[in-house]
Amino acid sequence: QVQLVESGGGLVQPGGSLRLSCAASGFTLDYYAIGWFRQAPGKEREGDSCIKGNDGSRYYEDSVKGRFTISRDNAKNTVYLQMNSLKPEDTAVYYCAAGPILGGSCLRSGYRYWGQGTQVTVSS
């Protein structure tokens, strides 16, 4: 019954902002890591950001540091990805995923549950 549903994608001009949402059901965030991943056409899927449910610690890939912010709202069981200063190279399908909490960075955690993805297109 674990389910993750992304929303908030769309078309935005370079330099603009979007906020993605990942609504979780069937579990609570406290004992899971939630990661945001993206996959552009013809490219490998990469992890951009993640948050640990136990202590709220956050990690970011170098390419999005200073531009993206991951956060959570435990009351709504939802994780957000605020994306600012968007670039054309950010264009991709964005997925959220849930996995076990491990030591160190959660960007490479063994994620088990995945959402359906939401398209983000950055273009002028």
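Everything below is about the structure printed above this text.
Here goes a summary of the coordinates provided. What you see is a predicted model, and the numbers here were worked out from it, not measured in a lab.

### Concerning the pairing of strand 4 (residues 33–39)
Phase 1: Burial within strand 4 is extensive, with six of its seven residues counted as buried.
Phase 2: Looking at chain direction, strand 4 and strand 5 (residues 46–52) are connected through six bridges and run antiparallel. Paired with G35 across the strands is C50, a residue of strand 5.
Phase 3: What sits between the antiparallel neighbours strand 4 and strand 5 is a turn of six residues, in which G42 has the positive phi angle 75°.
Phase 4: Of the pairings in the sheet, the one linking strand 4 to strand 9 (residues 92–99) comprises seven bridges and is antiparallel in character. In the strand pairing of strand 9, F37 is matched with Y95.

### Observations concerning the state of the cysteines
Phase 1: Scanning all chains against the criterion turns up two disulfides.
Phase 2: Across the disulfide, C22 is cross-linked to C96 (sulfur-sulfur distance 2.1 Å). In this structure the cystine formed by C22 and C96 twists about its S-S bond by roughly 70°; its chirality is therefore right-handed. You can see C22 sitting in strand 3 (residues 18–25) and its partner C96 sitting in strand 9, a full 74 residues away along the chain. Of the two residues, C22 and C96, both sit in the buried class.
Phase 3: In this model, C50 is linked to C106 through a disulfide, with the two sulfur atoms separated by 2.0 Å.

### Considerations on the pattern of salt bridges
Phase 1: Under the defined criterion, the tally for this structure stands at six salt bridges.
Phase 2: With a closest N to O distance of 3.1 Å, D48 and R38 form a salt bridge. With D48 in strand 5 and R38 in strand 4, the pair connects residues that are ten residues apart, well separated along the chain.
Phase 3: Assessed through its relative accessible area of 0%, D48 is described here as buried.
Phase 4: Salt-bridge contacts for E61 lead to R108; the nearest nitrogen and oxygen are separated by 3.6 Å. With E61 in the loop between strand 6 (58–60) and strand 7 (68–73) and R108 in the loop between strand 9 and strand 10 (113–114), this residue pair connects regions lying 47 residues apart in the sequence.

### Description of the environment of K76
Phase 1: Examined against the element boundaries, K76 turns out to sit in the loop between strand 7 and strand 8 (78–83).
Phase 2: Owing to a relative accessible area of 57%, K76 belongs among the exposed residues under this scheme.
Phase 3: The sequence separation of K76 and T28 amounts to 48 residues, and the corresponding C-alpha distance is 9.8 Å.

### Details of the nonpolar core
Phase 1: In this structure, W36, V79, L81, M83 and Y94 are the most contacted members of the largest nonpolar core, which totals 25 residues.
Phase 2: For this core, the secondary-structure elements that each account for two or more residues are strand 3, strand 4, strand 7, strand 8, strand 9 and strand 11 (118–122).
Phase 3: The contacts of L81, once residues within four sequence positions are left out, are L18, R19, L20, W36, S49, F68, T69, I70 and Y94.
Phase 4: Counting seven residues, the second-largest nonpolar core is a separate cluster that includes A33, F37, C50 and Y111.

The rules behind each value
- Sequence order sets the numbering: in each chain, residues are counted from 1 along the sequence as written.
- Note on the predicted model: pLDDT of at least 70 is required for a residue's local features to be given, and 80 or more for side-chain atom pairs to be given and counted; whole-chain, interface and lining totals, by contrast, use all residues.
- The basis for every side-chain value is the complete set of heavy atoms in the structure, and neither hydrogens nor water enter the calculation.
- Accessible area is worked out with a 1.4 Å probe on protein chains only. A residue is then buried under 20% of its type maximum, exposed over 50%, and partly exposed in between.
- Helix and strand assignments follow DSSP, with helices taken as H or I runs no shorter than four residues and strands as E runs no shorter than two, numbered in order from the N terminus.
- Criterion used throughout: strands pair if DSSP finds at least two bridges between them.
- We call a pair of cysteine sulfur atoms a disulfide whenever their separation is within 2.5 Å.
- The rule for a salt bridge is simple: a side-chain nitrogen of Lys or Arg has to be within 4 Å of a carboxyl oxygen of Asp or Glu.
- Among the buried residues, those of types Ala, Val, Leu, Ile, Met, Phe, Trp, Tyr and Cys that are joined through side-chain atoms within 4.5 Å form a nonpolar core.
- We call two residues contacting when some pair of their heavy atoms lies within 4.5 Å.

Keep in mind that these numbers describe shape and distance, not what the molecule does.
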